[in-house]
Structures are given as C-alpha cells and as structure tokens.
Amino acid sequence: MAAALTLDHLSRLQASRHLSLPHRTLSSFPRNPVKNPIFRQNLAESSSFRLSTVAVKALSTVAVEDSSEKKMVKGIRVYEHGGPEVLKWEDVEVGEPKDGEIRVRNKAIGLNFIDVYYRKGVYKPASMPFTPGMEAVGEVVAVGSGLTGRKIGDLVAYAGSPMGAYAEEQILPADKVVPVPSSMDPIVAASIMLKGMTAQFLLRRCFKVESGHTILVHAAAGGVGSLLCQWANALGATVIGTVSTNEKAAQAKEDGCHHVIMYKNEDFVSRVKDITSGKGVDVVYDSVGKDTFKGSLACLKSRGYMVSFGQSSGSPDPVPLSDLAPKSLFLTRPSMMQYNETRDELLECAGEVFANIASGVIKARVNHKYPLSRVADAHADVENRITSGSVVLLP
C-alpha cells in the first residue's frame, strides 16, 4: 500500500532541517504530492527545494507510520457514568495487533447486565472514556507477529476481559479467545458465551449441582437464569424459579423450572418453604441483589449455599457474619474471571458450553437483536426488564 505524503510530513521535516523549501511551496502544497506528477517534476527541477537522501527516508518512514497507525471503525464510547444516553456512537481508532494479539472484526456482540454496571459506575472501568462490552464473536482479520495457533479467517469468541466489545473491530489477547465450532451460528455463540460460561462455573464448580438437589434461581427467565434452569434440570435437580410476568413464567416452565414463583404477587420465601416442606433449598443463585438477598438467605436449608452473582436491583445491604451462624450457611460472591484464570480452565469451560448446545441440553434464546448503534435502547429495555433471554447487538 502506497503511503500518502502530506503537508504535515513536509512541515515536520523542514522543522528538523532535513528539508529546505520556501514558504510559498508549502502554501501551495497539493493534498497528495506522491500522486501529483507536476509537483514531482517541479520538486526535481527546483534549485530552492533541496531534499536529502536522509529526508526521503524520513518522509517514507513518517508517511508509512501515519498510514499504518490509524484505522477508524465505528464503536461506542462512554465519557461519563450515567443512563443509556451516555453511550455515544462514534468513530474509534483501532491499532494493529502486537505480539500475542489478534484483531477481530465482530459479527455479533452479547449484551450482559455487567455492561450496565460499568456504564452506571457500579463497577469502575480502568480508565475514562471507555468502550463497554465483554462478549463477542468475530473473524480474525490480523495476527500479531510471531503468533501461532491463530490465523486470518478464524471464527473466534471471547467472554470476560478485556472490555471493549461494543465496536466493529477490536484488539484481543490471543489466549483469551476460543475457537467457535463451524456448525454454530455466530449470533447464537455471541448470545451464550458469557452467560453459558457463567452458568457452567456456577453449576459445576461454585456449587456442584447434582441429582437430588433443590435449587432456587432468581430472574429465571433472564439470560443466565434461563441457562441455569435448563442445565440444572438436565443434571437432575429440582428447579424453583422466580419471574415477574406470565410470559416469563411460561418461558421458565419451558426451560425446565419445576416450580415458578411470580414474585410480584407471591412471597417467594413462603412459597419456597411450602414447596420444600419447610426444609429449604440447597443453593440459591441470586443475580438480583438488594431486593432478594435477605429472603434468599431465609430460603436456604442448613449448610446451604448463597451464591450472589449479580445486583440488578442494587447492592445488598451489609450482612453480619452472625446472620449465617444459625444454619451454618455458606456465602460467596463469585466472578467468572477467577474461575477461568488459566487457559486450560477457559477451554474446558467453553468446551462444555458448546458441547451442551450441540447435544440440546441448553439452547440459546436470542429474543432480542439491536443494531450496535442503538445500544442505548437495548440498555434501557434490559434495565426496565422488558427483555427476556439473550440480547445481541449487530455491528
């Protein structure tokens, strides 16, 4: 690719004394002199325009560097924390991949509630402004030098860190992506990667659900909740789920909930005690937080596990350790990042998710698709609990 020689390049060289040319030449300088034959002829013949070999090399270096450094794509930037209106659709710069990195052109982007937390400032990004998004599937379009195991054209997925999926293209560490089976639709993969791997570590490692267990899943018709219900049912557990509407109740039933509680009309603590004959449940998976936390603790049996993995209604109030003592309860606030710290853990987790999709144990409910440019509408709908299942953004 030929590099464009610009007025800025000549000005910089003149300042460095590699180039001597009169002011009037600069003022009439064409936009791209490399492609301008008249300018090149005048340049060669002019006694007042002295360009050394060093300057020629310097010009080439500057022009090539400028042309390779800047690649603009569309993406979302957040300059201040707030409501959906702070999500700005604009041009963003994406560089070339360095050692150990790849550049990916996103085909589909998953929207997760953690994106809302970062937008609102509940979780703090490393710097401002930032590009949200922690899940995407795309095609590798560039590979860093010396990298093996990845090639241009590969279809890959990632979920978790680094943040920055809300863009047409992004740079990713090669060891953070996993290959997507060729038989899988990128939209399905993007809708289920983060949620599916979250369900995997919650059900298989945080608390290992087995046949005979009784579990309570809040937001049972949500993105993660839907997968928890399907997967736990397949493992032989009795699944109790809470939902807010009749439509979501029907979905939860279809997803394997044996008992569905309409929490707006019923006291879920009393209903759980009725369902379990007063024994309580082995584990609660609570992504709601403030509104359900204390009730969730009350639903547990002796030595039960309280797994708080989200806070869509706000952060729970502080809990004294003494509150756990009467039933010897376990309380954990897990994060997928700590459960997939190694490459082997990541591949095993993603592999089990893909295998369960292929076998029909779990299925993605891609109930909502939005253009990436309208992500503000998607965030508003998620926060207002209008959506169910997975939400996917299309660049």
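Thresholds applied
- Residues numbered from 1 in each chain as written.
- Predicted model: local features only at pLDDT ≥ 70, side-chain atom pairs only at ≥ 80, totals over all residues.
- Heavy atoms only, no water.
- Salt bridge = Lys/Arg side-chain N within 4 Å of Asp/Glu carboxyl O.
- Helix = DSSP H or I, 4+ residues; strand = E, 2+ residues; numbered from the N terminus.
- Buried < 20%, exposed > 50% of the residue type's maximum accessible area, 1.4 Å probe, protein only.
- Arc of directions from axis to C-beta.
- Contact = heavy atoms within 4.5 Å.
- Pairing = 2+ DSSP bridges.
- Axes fitted to C-alpha atoms, helices over the stretch in contact; angles between N-to-C directions.

A full pass over the atoms with the stated rule returns 17 salt bridges. Between Lys74 and Asp91 there is a salt bridge whose closest N-O contact spans 3.3 Å. Placement of the pair is Lys74 in strand β3 (residues 72–78) and Asp91 in strand β4 (residues 87–93), with a sequence separation of 17 residues. Relative accessible area serves as the criterion here: at 48%, Asp91 is assigned to the partly exposed category. Across the salt bridge formed by Glu254 and Arg365, the nearest N and O atoms sit 3.1 Å from each other. Here Glu254 is found in helix α8 (residues 246–254), whereas its partner Arg365 is found in the loop between α12 (343–359) and β16 (366–371), with 111 residues between them in sequence.

For helix α9 (residues 268–275), every residue scored as buried is listed here: Phe268, Val269 and Val272. Along the axis of α9, the buried residues cluster in a sector spanning 105°; they form a single face. Residues of α9 that are buried in the fold lie against β10 (214–217), β11 (238–243), β12 (259–262), β13 (281–286) and α10 (293–299). Positioned one or two residues after α9, Ser277 has a phi angle of 55°, which is positive.

With respect to the element layout, Ser308 can be found in strand β14 (residues 300–308). Judged by relative accessible area, which is 4%, Ser308 ranks as buried.

It is worth spelling out the sheet that holds β11 at this point. In spatial order, the strands read β12-β11-β10-β13-β14-β15; together these 6 strands make up an open sheet with parallel pairing. Because the sheet does not close on itself, it has two edges, and the strands there are β12 and β15 (330–332). The average undirected angle you get between the axes of adjacent strands in this sheet is 15°. For β11 and β12, the ladder comprises 4 bridges, and the chain directions are parallel. Residue pairing across strands places Thr242 opposite Ile261, the latter belonging to β12.

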